[in-house]
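What follows is each chain in one-letter form.
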Amino acid sequence: EMISKIFANMKGWKEDERTYGGITIKELTKRGQKISFSTVRYRNMLIGSYTGFLVEDVIRIINKETARTFLKNNPEVKNSAYSHSDTYIYLNYKNIFAFASLFSNIQVHDFLKPLGYFAEHSVLDYKMDKNEILLDGFTYAKKDSQFLGIFAGQKPQKFNVKSYVPNNTGILYYYGFDDPVKLNESLTKFWQNHDPSLIEKRTRMDEQLGIDVNELYPVFGNEAALCFIKPSKAFQQHGKLLFIESVNADKFFLKLNKFVTIMKAGRNDTLLYEKQGAHLIREMNIPELPSMLLGDLFGGFSECYYTRINNYIVFSDGAQHLRELIMNIDSENVWGKSVEIASFIDNHFSPSNVSLFINTPQAWKQLINSSSAEVKQGMQDNPEVLKKISPILFQFNIFQDKIYTNIVFSHGLDKESQNENYKYEQISEFKTLNGISSILYTAFSANKTEALVQDSSNILYLINKNGIRWEENIQAPVSGKIVSADINKDHIRDFVFAAGNKIYSYDTAGKMSVHFPFVLPDTVILSGLSLADYEGNGNFRILANDMKGNVYVFDTRGKRLTDWNPKNHEQLTSPVRHLRIKGKDYFIAMQKDGKLSILNKQGEMYKGFPVSLGKSCSSPVFIETGGSPEKTFLHVLTNEGNLIRINLLASVIEKTSFSSTWNVKYRLLPDQQETGFMIAVQSGDQLMVMHPSGTEIFQTNISETDYEIDYDHLRDTHVLTIYGRENKASSLYLFDDQWRNIWKLTDIPGRVQTGQSIANILLFKSRNDILEIGNIKLNKLK
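Residues numbered from 1 in each chain as written. Predicted model: local features only at pLDDT ≥ 70, side-chain atom pairs only at ≥ 80, totals over all residues. Heavy atoms only, no water.

1. A word on the pattern of salt bridges
No. 1: As enumerated under the stated definition, the model contains 16 salt bridges in all.
No. 2: One salt bridge in this structure joins Glu27 and Arg18, with 2.7 Å as the shortest N-O distance.
No. 3: Note that Arg308 and Asp250 form a salt bridge whose closest N and O atoms lie 2.1 Å from each other. Taken as a pair, Arg308 in strand β13 (residues 304-309) and Asp250 in helix α8 (residues 249-264) lie far apart in primary sequence, 58 residues in all.
No. 4: Owing to a relative accessible area of 30%, Arg308 belongs among the partly exposed residues under this scheme.
No. 5: By relative accessible area, which is 45% here, Asp250 ends up partly exposed. (Salt bridge = Lys/Arg side-chain N within 4 Å of Asp/Glu carboxyl O. Helix = DSSP H or I, 4+ residues; strand = E, 2+ residues; numbered from the N terminus. Buried < 20%, exposed > 50% of the residue type's maximum accessible area, 1.4 Å probe, protein only.)

2. A look at the pairing of strand β37 (residues 652-657)
No. 1: Note: strand β36 (residues 642-647) against β37, five bridges, orientation antiparallel. Considered in β37, the bridge of Leu643 is made with Thr656.
No. 2: The loop that links β36 with its antiparallel partner β37 comprises four residues; one of these, Ala650, has a positive phi angle of about 70 degrees. (Pairing = 2+ DSSP bridges.)

3. Re the sheet that holds strand β35 (residues 633-637)
No. 1: A sheet is described by the order of its strands in space; here four strands give the open sequence β34-β35-β36-β37, paired in antiparallel fashion. Looking at which strands have only one partner, the edges of the open sheet turn out to be β34 (622-624) and β37. Here the average twist between neighbouring strands, direction ignored, is 15 degrees. (Axes fitted to C-alpha atoms, helices over the stretch in contact; angles between N-to-C directions.)

4. Here's the deal with the packing of aromatic side chains
No. 1: Across all of its chains, the model carries 38 aromatic pairs by this definition.
No. 2: Considering the side-chain rings of Phe118 and Phe396, the 5.2 Å spacing of their centres and the 70 degrees angle between planes classify their relative orientation as edge-to-face. With a gap of 278 residues between them, Phe118 in the loop between α5 (109-112) and β6 (121-128) and Phe396 in strand β16 (residues 389-399) connect regions that are remote in the sequence. With respect to burial, Phe118 and Phe396 carry one shared label: buried. (Phe/Tyr/Trp six-rings, centres within 6.5 Å; stacked < 30°, edge-to-face > 60°.)

5. Comments concerning the side chain of Gln395
No. 1: Structurally, Gln395 is set in strand β16.
No. 2: One polar contact links Gln395 to Ser352, side chain to side chain, over a distance of 3.4 Å. (Polar contact = N/O pair within 3.5 Å; in protein donor to acceptor, adjacent residues only side chain to side chain.)

6. Thoughts on the environment of Asp769
No. 1: The topology assignment puts Asp769 in the loop between β47 (761-767) and β48 (770-776).
No. 2: Separated by 178 residues in sequence, Asp769 and Gln591 have C-alpha atoms that sit 38 Å apart.
No. 3: Asp769 has contacts with Phe430, Lys431, Thr432, Leu433 and Asn434, leaving out every residue within four places of it along the chain. (Contact = heavy atoms within 4.5 Å.)

Spelled out as structure tokens, the structure:
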């Protein structure tokens, strides 16, 4: 009656009554809409639903016309351990698939079907505070026929893999167990009832190829975690990473290598085999191996790559995802180092057998693509509110034959917006002999930042926060970038660069590498260099290009490879780039006359190259690495405003032409890790930044025409820095993942250099003979 009075006083609502089974149903409807909310009053209960026939179903139960009741089918719910609570939630898993299907599209229905035999039901206590919704209680499952029963007798495990899960993970599935062999036996029995095709695949592989995946379980550790990641490259689909802990990672890796070798016997497979830092990445030629180990939930690995990271073997559906994972771990861009996520994990992530973690902003696109049309529209209309409901955690932990269940919806809906104070914090000040003449060449590692800078007398300094570590007079200005690698195989990083007609290499202690410098004829003026590791074994080649477009190739002893001798091109937009795909080497050279060349290791042109892509080009090539030549794409932006996507087989896949006039300048802006790019468009005193699709995302007026612009993508933040050469000042702009401006700072007296994390944005400026280095505090951005 109270509800009726409330709605009666609300404009636009009407109330109707009807009788069913001798009981009055009241229907509340908003005028002009067809949807009604039906209510029934019975004893001291109010029963309501937007679905009228469900209310009729309740009346039939009241009148004892049906024996189909929840309590009769699930008597355990009467014995809830939380009798003190005022609010309960009951989950009946037999019907959850049908319920979830109402909100999802048909493409994910097969994925949701296992919910029907996930467990019997859950009895959960409901609590809510200012920033969280908490559900905790118990779940009941049958040991032999329902999924959670697989983990009976398995000890819940601590979430140790958090130290390696990258921050771009949107969704994570987690298994914890202490007896992997027993887990395999339980999985096999479960699949015999629900997915016998997996058993058939295993048997066929064993009989035909002599490969038995059961060999792998004895070297499993206690964790398996499947991550759905949002790649930093704008051109890739969401990827997957599967972490499997091992008690003997070397043995596990060797067993996988053995499987690859057996599968290659009698075939001419050319598989990916490369190094990323200290990690070897290999291609697995057994499609869907993860699903044969852990079930269909771990499917989607039609292409499969793997590497070893400490005591984990990591599988992925793309080699680039493994490369980015290694870079994220090296730069501590992982959950274990994220203040927000690590705090949530410490407070809520207890040892578990099965967990599901959703990081809503990172999983946003995937969630939208999985939703029904109505839900998708609602999400697109309310992104700012819904993205605040994060993280979301589901956990199931088996303890003394009971499955303790914990569900957390964390949200920031009640948090007040905070205005952060961003400021410089001066770290160091160094004296140099003369004024600074170069940019700051930063070299970031996991624990420290070092940098190289050159003064006007050509003295090169290596500095860190403690001061100048060493200095050397190299007698000419550095040309192009300084690259770093362990070219001496002594586990010490070396800095390799070109200056004048020489190539230098110094280690972090200031010691010049043996055989250096390499000296070219006095008529040669080098413009830059790059490194190539053909076999992934640390035997580097140095590719140096001069101002005329000649390319020289040396080994680390200074021996010139005569096949190139040198290779003549027109002037290049940037140093030659090296790729190794399917056992073949590709050398990419983009000329300023608009011609793209791709050569093999002997300096011979691949079929279809060189190809003319425009009249002129000033931008570097952006490389989108794939698992094969036809799936590896080069993005070239010509000065006329044509963005061309071409593969290594010389097939133009896509061409986008931007409107152009004579006074418009285009430049491709790769981020510092070369995982994505934007496009800068300059017309007079206006600067515009575009997405590769052509969508304008930023525009500003520039008072001077001589300036540099850099782009970087750090975690979920886009960073643009503009440096004016005339007034020697920078402007810094920060955007969130949706390219909404969240902060800007203009007229910084110096140059800004981004690092590998948001908190690592360096400011440096020269003042006569002083080099000042500071840090802009950016720990919190919202």
